[in-house]
Amino acid sequence: DIPSNQPLGALHHGFWRGMALLDVGEELEAVDEDVVLEESGTAVSSGPRERSQRGSERKSLAAKRNLFQSRHGLQQAGTGVLSLFDFRNLLQWRVSRQGAVPRYTVGDLESKIYDNVHHHDEGELLLPLKILSRDVTGEVEGASCGILTFTDWKAKLAAQACLLVALVSSIISPVTFMWGGSWADPEWVPGGRGLMIVDLLCDLGYLSYLLLELKMSFLHPSRKVEVTDPSKIRMYRMTNLMYLVKLFSVTSYLWIISFNASLLLNLSKIVRLYHFVRLPDAMWLVWDNGLIRTMRPVFLLIWLAHWVGCLLAWGGGYREALWNAGSGASFETTLNGHVIPGEFSLYFMAFVEALYMLTGALDNPLGDGGYREKNFGSLIMVAIFGPVGCIIVAQIIATVVREQERKHALDIRHEENQAFVKRALENLNVPIELQRRVFSLHYFQKMSHDYEAFEHLFKNHTLSSPLEDAIRVYLYQSVLTSGFFSNKEHSYILAVVRVLEDKAFLPGDYVVRVGEVADEMYFISKGEVSVLVSNGKSKEVEDAITLPIRKRKGDHFGEVALIKGSLRTAWVKAETYVVASCLKRSSIEQIWKYFPHERETLQREVMKTVMRDAARVATARRSVIGAVVPDPTVPTGLGAAPKEAHGAQVEALQESATEALARIERFCESITTRQEEMMNRLEDLETRLPEKPKKGGTKEPEARTPQATATASASTKKSLKPGSKKKSTRPEVEDEVSPGTAASEIGRPFMERPEA
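Reading guide: rules and limits
- Residues numbered from 1 in each chain as written.
- Predicted model: local features only at pLDDT ≥ 70, side-chain atom pairs only at ≥ 80, totals over all residues.
- Heavy atoms only, no water.
- Pairing = 2+ DSSP bridges.
- Helix = DSSP H or I, 4+ residues; strand = E, 2+ residues; numbered from the N terminus.
- Salt bridge = Lys/Arg side-chain N within 4 Å of Asp/Glu carboxyl O.
- Buried < 20%, exposed > 50% of the residue type's maximum accessible area, 1.4 Å probe, protein only.
- Phe/Tyr/Trp six-rings, centres within 6.5 Å; stacked < 30°, edge-to-face > 60°.
- Lys NZ or Arg CZ within 6 Å of the ring centre and 35° of its normal.

> Describe the sheet that holds strand β2 (residues 218–219), with residues and values.
If you walk across this open sheet you meet the three strands as β1-β3-β2, and the pairing is mixed. Each having just a single partner strand, β1 (134–135) and β2 make up the two edges of the open sheet. Where β2 meets strand β3 (residues 226–227), two bridges bridge the pair, whose relative direction is antiparallel. Each bridged residue has a counterpart across the sheet, and for F218 the counterpart in β3 is V227.

Set out below in structure tokens:
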């Protein structure tokens, strides 16, 4: 006979119990279905006699199921079928319930986290004006009346006009003094007096903006608050050196016209370039724009080269060369046959030298052989702007590098990690094939599941709790389609989503293995896995049987491990690149403290799943065992055998199959004998236990005398059959079954359970 403590023997032991319970369960479910249809009004109308007959059938089947459970050690809310044999968690995986619709969609859960009433507003930010705070320290009530806030549309329009005026003025002003001349003698001024009038109008417009700033709030540079107190505004403006220089720059034509001063006074207007270094407060929303940050150094370099080029043309020898020639005809250049005027060509030569000077690439600082040769003014400018050019180049390079680092921050971190991992694998002399798997996992994480992004979002506390929940709901939307979350409260769903941990697997990786501790379940977010089970004779994966069912995106498995820790008795293998979200028992137990009904619900679902899967496996094994018997005359007791032979393979297995079936028959007979013995022992136990007190009073249990004990023992010995085993002298105590006994007993082999 097959030893009952072996896996194969325990399998057949549980086989018959599972099949008997399946027959009762299917009949009871059919009657329950009729009752539900009748209560919902969708069933066919029936008379009182039919309803009464259906009710009696349901009661009899329920009694039959309870009798079977009591005879075979199955409590009502207790141990599942899997605990009757040594499969433990073999079938803890399950297919997502077909037709199960989540109670909440991603949009519904999002609406539970925050109200998106402001999402329809235009702009990149929600209520951007509410982001700013005002400085109210020492501010008198009503004192800010008449102050134009820089967030007002009028202030924004004025700031844009100021930038336009500063841009035009930055182009015109250096040109006015490039070749000399004055207000009274505009001969050498490009464009003549008309250009100076345009520059004067720009000064008047710029003056209007400076006066408006005295009645406009400003953003404090260090505290980042809006200051609206008029006295503080005036104090800040009048003590700001940059504001005073800007104010002086608009008075240049006052001195030029009144005192016939040199047009070189327009050089003070270079300070207006500061508006492009730091944009006006009214444009604070575009300060951190990536495109503006990248293009700003290039723009400033070109405009500064324009100013230095004009200054170099004025005092670096170009103006003298033009005066000596009398006209610009001798400096003309050509472009595709078109003649470029000499004055512009000469200016552009100075501009190119200034550009190379500011970038630190001037290869002829003394100007040998050029217009700057033996010119002291050019030497002074090279000495000044040469070092300045090195600083400017460093700033430009730093800006470009910083923007590139921001843009490719995650890629840079991945590459650094890859370099460290590669070097570590080489130092440890890891085989090449194993290195390939490591690099494959690294690239898969980079392309499909970026752990660096997850860590930065959720572990660095860069987001508020509602934002974290909303992002997790979006990222785990494939997980939320699992039947595990069907008909759950949104608070419970969000609590579970917060504790999920993602794991990535390569093709061929075993997500779970036979014999390892099971303390977590998995939700498949991406990929596909297959399930392999032991063939009953060997626990090696090479001999395992691959089940036809595969787990895909939205499925889950291993929920039994949340109820009771045990050892895995099945393999789950990744067939593709897989991302699985892991839910640990330690995490869910903390949640169940506040949602105890969810634990009870999962216990009932696990019980149903275990019983259904056990019955399915038992049916499959019965069909397989029956299919390998070619001779219908062999009394197997496992059902009808096929009437036709199955070829050479069946003939080769005939002898071994017949022997195996005979061993199963003998084993079943021994099980029947053991069941009768257990029933006799239970009856004897009932006679030994004290009677329960009746209602209305408490009756003390009668003391058992040694004579009574001896009499009970003698009666027990008489009730035992000759072939039965000797009963243990250990005192028998009825087990107390708690509501959680079903889940706690799952994963325990039958032979390890205490006898009743």
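> How would you sum up the pattern of salt bridges? Please name residues and give values.
A side chain of one charge can pair with a side chain of the opposite charge when the charged atoms of the two come close. In this structure the tally under the stated criterion is 21 salt bridges. The residue E226 makes a salt bridge to R134 at a minimum N-O spacing of 3.5 Å. Here E226, found in strand β3, pairs with R134, found in strand β1; they are 92 residues apart in sequence, far enough to count as distant. Residue classification places E226 among the buried positions, given a relative accessible area of 4%. Between E575 and R550 there is a salt bridge; the shortest N-O distance is 4.0 Å. Residue E575 is located in the loop between β14 (570–574) and β15 (578–584), and its partner R550 is located in strand β11 (residues 545–551); the two are separated by 25 residues in the primary sequence. Residue class for R550 comes out partly exposed when judged on its relative accessible area of 35%. One continuous salt-bridge network, built from bridges that share partners, spans E528, R550, R552, K573 and E575.

> A description of the packing of aromatic side chains should follow, citing residues and the corresponding values.
Across all of its chains, the model carries 19 aromatic pairs by this definition. Aromatic pair F331 and Y371: ring centres 5.6 Å apart, planes at 70 degrees, arrangement edge-to-face. One end of the pair, F331, is in the loop between α11 (318–325) and β4 (333–335); the other, Y371, is in the loop between α12 (342–358) and α13 (376–407), with 40 residues separating them in the sequence. Given a relative accessible area of 7%, F331 falls into the buried group. For the cation-ring pair, R319 lies above W323, with the distance from its terminal atom to the ring centre recorded as 4.6 Å. Looking at R472, its charged tip hangs above the ring of F458, at a distance of 4.1 Å from the centre.

> An account of the environment of L211 is requested, with residue identities and associated values reported.
Following the sequence through the fold, L211 ends up in helix α5 (residues 192–213). With relative accessibility at 48%, the residue L211 sits in the partly exposed group. Put simply, L211 and L247 are 36 residues apart on the chain and 9.1 Å apart in space, counted from C-alpha to C-alpha.

> Tell me about unusual backbone geometry, and please be specific about residues and values.
Among all residues save glycine, negative phi is the norm, and among peptide bonds the norm is trans. Non-glycine residue N260 carries a positive phi angle of around 50 degrees. Looking at where N260 falls in the secondary structure, it is placed in the loop between α8 (252–259) and α9 (274–277). For N260, a relative accessible area of 46% gives the class partly exposed. Look at N336: it is not a glycine, yet its phi comes out positive at around 55 degrees. As for its position among the elements, N336 is in the loop between β4 and β5 (338–340).

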